[in-house]
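Examination of the molecular architecture
Take a look at the letters that make up each chain.
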Amino acid sequence: MMNKKIRWGILGTGRIAQKFASDLKYIEDAELHAVASRSKTNAAIFAQLYPAALQYDDYHTLAKDPQTDIIYVATPHGLHFEHVMLCLQHGKAVLCEKAFAVNSSQTKSMIAAAKEQKVFLMEALWSKFTPQWQKMTDIIHSGQLGEIKNVIINFGFVPQPPVAERLFSPALGGGTLLDIGVYNVFYALSALGKPDYIDARMTPASTGIDEQCAVLFRYNSGAMAQLFSSYCTHLATEADISGSKGRLRLTHRFYTPDSTLEFYPGRADSKVIVPVEQTEGFGYHYEARHAGDCLRKGLTESPVMTHADTVLLMETMDEIRRKAGIQYPADTK
Ligand SMILES: NC(=O)c1ccc[n+]([C@@H]2O[C@H](COP(=O)([O-])OP(=O)(O)OC[C@H]3O[C@@H](n4cnc5c(N)ncnc54)[C@H](OP(=O)(O)O)[C@@H]3O)[C@@H](O)[C@H]2O)c1
């Protein structure tokens, strides 16, 4: 695999699969090799927009394809367990969209299967690979914020027609926490670590999934994080990470390369814009390039987005769900 392009397969042809496919062109040593859809028509339309040598009208054939090096699983998170296991059973490396699974029990089984098969498996928490993330962590580690005392993050939008079924379907893992709150939780964990206490409340949609979810992390150090996700209001979708010496604000779409980093060494009028390099495309090529590099090195786990990161994230969301009363059919299987 060292001297050739990494051949990607994409499983599922929805919205994020299209953005990911579009960003693969920014990686010199990678190519979109195969795409699989449940429907022949959708596979053909996708491959016309994003040229792929092979098109399959079922996921199983992609999982078995000997020419594909790694499969990007881009189906609704309620189906990640089934689809990732399918790929792993055929010895395929996998990059799986967030939320990685519905719960930590599924997550641990997926990781165990990858270890058993000795194949690469990583959660596609793309934010962790962007220049914005790098700057954010540099600033936190430099001590410019002092001791971090609080994290306040909100993420909200009103889904517009045609509303994807996955957003409100319990079977597909619907709800704000797993879909968008996952970013809030991940940023808070990254800035403050595992919380000592978690509290959470939610408002259910008519299908029972969380239409809004409010989360509070508390730490023995006195630090706190307040996280809010919503499908019924357009929110600022910003993050504030504040310490004894300063505050870092990640502006609108804080989890993407669209976000601007504002550093406030003092009061609200002390803003300094942090320079960050421009991103080509949507920014999904950073994680894809990293996954390819891991394959070339023969790694089965990313040193950046580790299995432990994914397990901590899912266990934290399990606890939030327990406190808020968010349940899925997969929890009882
Ligand atoms: N990283 C990010 O920025 C980002 C952004 C959005 C979403 N995501 C994640 O990516 C995943 C997919 O989200 P999406 O917005 O792309 O969803 P989507 O537009 O609904 O697409 C999901 C695709 O999954 C396949 N699928 C298989 N079984 C399905 C079923 N029973 N119902 C619906 N679709 C089914 C379909 O592809 P075929 O018909 O071709 O089989 C469908 O097009 C989710 O886990 C989500 O959290 C990540």
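Residues numbered from 1 in each chain as written. Predicted model: local features only at pLDDT ≥ 70, side-chain atom pairs only at ≥ 80, totals over all residues.

1. Overview of the domain arrangement of the protein
When the domains of the protein are assigned, the result is domain 1 (6-127 + 283-301) and domain 2 (131-278). Computed from C-alpha atoms alone, the centre-to-centre distance between domain 1 and domain 2 is 26 Å. Across the contact, 10 residues belong to domain 1 and 12 residues belong to domain 2. (Domains from an automatic or database assignment. Contact = placed C-beta atoms within 7 Å.)

2. Section: the environment of Gln 278
Along the chain, the position of Gln 278 falls in the loop between β14 (272-274) and α8 (285-296). Under the C-beta neighbour-count criterion, Gln 278 is labelled exposed, with 6 such atoms within 10 Å. Taking the C-alpha atoms as reference, Gln 278 lies 25 Å from Ala 188; in sequence the two are 90 residues apart. (Helix = DSSP H or I, 4+ residues; strand = E, 2+ residues; numbered from the N terminus. Buried ≥ 20, exposed ≤ 12 C-beta atoms within 10 Å, placed from the backbone.)

3. Description of the site of the ligand
Taken together, 25 residues lie near the ligand, and Gly 12, Thr 13, Gly 14, Ile 16 and Ser 37 sit nearest. Considering each element in turn, the shell around the ligand owes the most residues, three residues, to helix α1 (residues 15-23). In terms of residue class, the shell around the ligand is made up of 10 nonpolar, eight polar and seven charged. In terms of domain composition, the shell around the ligand takes at least three residues from each of domain 1 (6-127 + 283-301) and domain 2 (131-278). (Near = placed C-beta within 6 Å. Nonpolar A, V, L, I, M, F, W, Y, C, P; charged D, E, K, R; others polar.)

4. Quick look at the pairing of strand β1 (residues 6-11)
The element β1 is largely enclosed, with a buried count of six among its six residues. In β1, alternate side chains face the same way, and those of Ile 6, Trp 8 and Ile 10 on one face and Arg 7, Gly 9 and Leu 11 on the other are all buried. The handedness of the β1 to strand β2 (residues 30-36) crossover, carried by α1, is right-handed. When β1 meets strand β4 (residues 70-73), the two strands line up parallel, connected through four bridges. (Right-handed = clockwise from strand over helix to strand, strands pointing away. Pairing = 2+ DSSP bridges.)

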